[in-house]
Amino acid sequence: MSHITNEEFMKKEINVVVTGAAGQIGYSLIPRLIDGNLFKDTIVNLSLVEIPQVVEKLEGLAMELDDSYFPHLGSIDIYDDFSAASHNGNWFLLVGSIPRGIVYKGKKIEERSDLLKINGGIFVDQGKAIGSNGANEAKVLVVGNPANTNALIGMNAANNKDQTWMAMTMLDSNRAKSMLAKKINCNVSEISKMVIWGNHSPTMYPDFENALYKNSSVKEAISDLDWFSNSFIPSVQQRGKAVIDARGASSATSAAKAAIDTIHACENPTLSGDCFSAAIMSDGAYDVPEGLICGFPLMTLSSGKIEIIRDLSLSDGGKQRLSQSVQELIDEKSAVQDLL
Ligand code: NAX
């Protein structure tokens, strides 16, 4: 490792708040926030948040971070109270949520509607705290599922137009790139412009129509429409389940890498002709109704502003898939209307 002088790495400071910090994604994510590759020449102050029953475990994680020799690590603060953790946060990584299948307040959570309501309630409080206490131009990435609707609830409660709320679809985009690269037999870095439209759920549309291989059409490079419809799309949509079946646990290191990739994409201008994937508030682009957090093609301008790329076109089949996913977002929004 090259020697870093104080003068070089003390130039900037950033406050990153992570919920679900003792979970499996957190364990893979948090070291990557402070390794100096993501936030270059920057001291990273961590606020790690957990529920009271688990918060003590974070002492162990903090010990490991201290023991890992990270010159970019600033302070580590541990909280079981999100509001206290939220002050002056520049980035909020909302990973924590109650998973399906666990017993919560005496009831086994099996229905998606119950999951929406329970997690939705958590995101009302977190949103309010971020809106009042977070830094003015804070960015928020919701990872905890159901990510789009959690982000919608949080953003609504935050009511702060200077902050940017997103739900993570980068993992889906990275999965799609990997499948396309394997099919073409190229390196993943040669696939670009990989858009995930809609909801982070099995209705998402991984868009092979606009994806590029070495800056020309993936669709032409593969030219097998059956493969796209019958293999590629369902495999991306169901990849989370496939990982659970194989690993006996849900995606963790790939989800953590996707969160890092999303932050990187937001912190650096997007290369011309490329885009990145995340779900963001719709303003009516691509006929998606306003007021939904929907997966779109995004770009980061040199000013740091994140914008929807508006000039992509979709086939009728693509539009139909997007509209099915949007309908699911509308239904989820109706299910949590009382929280909005
Ligand atoms: P784990 O169950 O390992 O960890 C979640 C942690 O969150 C637990 O330690 C729990 O105590 C904590 N937590 C729950 N409620 C909290 C609250 N109100 N405040 C602070 N902490 C809280 O799950 P993990 O595998 O880390 O996954 C976390 C979330 O990511 C899940 O909701 C999961 O569904 C979601 N995922 C989202 C992905 C995406 O692409 N958007 C992909 C991966 C992952 O499935």
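What you are looking at is a predicted structure, and each value in this text was computed from that prediction instead of being measured. (Residues numbered from 1 in each chain as written. Predicted model: local features only at pLDDT ≥ 70, side-chain atom pairs only at ≥ 80, totals over all residues. Heavy atoms only, no water.)

### Digging into the site of the ligand
Logical step 1: Taken together, 24 residues sit near the ligand, with Gln 24, Glu 50, Ser 97, Val 143 and Asn 145 positioned nearest.
Logical step 2: Between a nitrogen atom of the ligand and a main-chain N or O atom of Val 143, the distance comes to 3.3 Å.
Logical step 3: Note that an oxygen atom of the ligand is positioned 3.3 Å from one of the side-chain N or O atoms of His 200.
Logical step 4: Every element with two or more residues in the shell around the ligand is listed here: helix H2 (24–33) and helix H5 (112–133).
Logical step 5: Classifying every residue of the shell around the ligand by side-chain character gives 11 nonpolar, 12 polar and 1 charged.
Logical step 6: Two domains share the shell around the ligand, each providing at least three of its residues, namely domain 1 (6–167) and domain 2 (170–339). (Near = heavy atom within 4 Å. Polar contact = N/O pair within 3.5 Å; in protein donor to acceptor, adjacent residues only side chain to side chain. Helix = DSSP H or I, 4+ residues; strand = E, 2+ residues; numbered from the N terminus. Nonpolar A, V, L, I, M, F, W, Y, C, P; charged D, E, K, R; others polar. Domains from an automatic or database assignment.)

### Some thoughts on the nonpolar core
Logical step 1: Core analysis: the biggest nonpolar cluster contains 78 residues, and Leu 33 and Phe 232 have the highest contact counts within it.
Logical step 2: Among the elements that line this core, the one with the most residues is helix H11 (residues 253–267), at 8 residues.
Logical step 3: Every residue in contact with Leu 33, bar those within four places of it in the chain, is listed here: Val 16, Val 18, Leu 38, Phe 39, Val 44, Leu 46, Leu 93, Ile 260 and Ile 263.
Logical step 4: In this structure, Val 49, Phe 92, Ile 153 and Ala 167 belong to the second largest nonpolar core, which totals 26 residues. (Core = buried A, V, L, I, M, F, W, Y, C linked by side-chain atoms within 4.5 Å. Buried < 20%, exposed > 50% of the residue type's maximum accessible area, 1.4 Å probe, protein only. Contact = heavy atoms within 4.5 Å.)

### Some thoughts on the packing of aromatic side chains
Logical step 1: In total, this model carries 9 aromatic pairs according to the counting rule given.
Logical step 2: Ring geometry for Trp 197 versus Tyr 286: centroids 4.7 Å apart, planes at 75 degrees, classification edge-to-face. Residue Trp 197 is found in strand E10 (residues 195–197), and its partner Tyr 286 is found in the loop between strand E14 (276–281) and strand E15 (293–300); the two are separated by 89 residues along the sequence.
Logical step 3: Note on Trp 197: relative accessible area 0%, which makes it buried.
Logical step 4: Consider the rings of Trp 197 and Phe 296, whose centres lie 6.4 Å apart with planes at 75 degrees: the pair is edge-to-face. Residue Trp 197 is located in strand E10, and its partner Phe 296 is located in strand E15; the two are separated by 99 residues in the primary sequence.
Logical step 5: The rings of Tyr 205, Phe 208, Trp 227, Phe 228 and Phe 232 are connected pair by pair, giving a single aromatic cluster. (Phe/Tyr/Trp six-rings, centres within 6.5 Å; stacked < 30°, edge-to-face > 60°.)

### A short note on the packing of H2 against helix H3 (residues 57–67)
Logical step 1: Where H2 meets H3, the axes come as close as 11 Å, and the angle between the chain directions of the two elements is 35 degrees. Crossing handedness for the pair H2 and H3: right-handed. Between H2 and H3, the residues in contact are Tyr 27, Ile 30 and Pro 31 and Leu 61, Glu 64 and Leu 65, respectively. (Axes fitted to C-alpha atoms, helices over the stretch in contact; angles between N-to-C directions. Left-handed = near helix turned anticlockwise from the far one by under 90°.)

### Focus on the sheet that holds strand E9 (residues 191–192)
Logical step 1: Pairing within the open sheet is antiparallel, and its 3 strands lie in the order E9-E12-E13. At either margin of the open sheet sits one strand with a lone partner, and together these are E9 and strand E13 (216–217).
Logical step 2: Bridge count between strand E12 (residues 212–213) and E13: 2 bridges; the pairing is antiparallel. Within the sheet, the bridge partner assigned to Leu 212 lies in E13 and is Ser 217. (Pairing = 2+ DSSP bridges.)

### Observations concerning the side chain of Thr 300
Logical step 1: Mapped onto the elements, Thr 300 comes out in strand E15.
Logical step 2: On the basis of relative accessibility, which here comes to 2%, the residue Thr 300 falls in the buried class.
Logical step 3: Only 2.7 Å separates the side chain of Thr 300 from the backbone oxygen of Ala 265, close enough to count as a polar contact.
Logical step 4: Excluding residues that lie within four positions of it along the chain, Thr 300 makes contacts with Ala 265, Cys 266, Asn 268, Pro 269, Thr 270, Phe 276, Lys 305 and Ile 306.

### Looking at the environment of Glu 328
Logical step 1: Locating Glu 328 in the fold gives a position in helix H12 (residues 316–335).
Logical step 2: The spacing of Glu 328 and Ile 118 is 210 residues in sequence and 18 Å in space, taken between C-alpha atoms.
Logical step 3: Those residues in contact with Glu 328 that lie beyond four places of it in its chain are Asn 199, Ser 201 and Thr 203.

### A closer look at the side chain of Glu 209
Logical step 1: In this fold, Glu 209 is placed in the loop between strand E11 (205–207) and E12.
Logical step 2: Notably, Glu 209 is buried but unbridged: the nearest opposite-charge side chain belongs to Lys 219, and the N-O separation is 5.4 Å.
Logical step 3: Reaching out from Glu 209, the side chain makes a polar contact with the side chain of Tyr 205 at a distance of 2.5 Å.
Logical step 4: At 2.7 Å, the side chain of Glu 209 and the backbone nitrogen of Ser 315 are in polar contact.
Logical step 5: When neighbours within four sequence positions are excluded, Glu 209 is seen to be in contact with Lys 219, Ser 313, Leu 314, Ser 315 and Gly 318. (Lys, Arg positive; Asp, Glu negative; His and termini not counted. Salt bridge = Lys/Arg side-chain N within 4 Å of Asp/Glu carboxyl O.)

### As for the domain arrangement of the protein
Size of an interface, as often reported, equals the accessible area lost when the parts are brought together.
Logical step 1: Annotation of the protein at the domain level lists domain 1 (6–167) and domain 2 (170–339).
Logical step 2: Computed over C-alpha atoms only, the centres of domain 1 and domain 2 are separated by 23 Å.
Logical step 3: Each side of the interface is counted separately: domain 1 has 31 residues, and domain 2 has 37 residues.
Logical step 4: Surface buried jointly by domain 1 and domain 2 totals about 2800 Å² across both partners, of which 68% is contributed by carbon and sulfur atoms.
Logical step 5: Counting the contacts that link domain 1 with domain 2 gives 0 salt bridges.
Logical step 6: At the boundary of domain 1 with domain 2, the tally comes to 10 residue pairs in polar contact (both at pLDDT 80 or more).
Logical step 7: Secondary structure elements with two or more residues in the side of domain 1 that touches domain 2: H2, strand E4 (91–94), H5, strand E7 (139–142), helix H6 (147–158) and strand E8 (164–167). (Buried area = accessible area lost by both parts, 1.4 Å probe.)

### Quick word on H2
Logical step 1: Listed in full, the buried residues belonging to H2 are Ile 25, Gly 26, Ser 28, Leu 29, Ile 30 and Leu 33.
Logical step 2: Where H2 is buried, its residues contact strand E1 (12–19), strand E2 (42–49), H3, E4 and H11.

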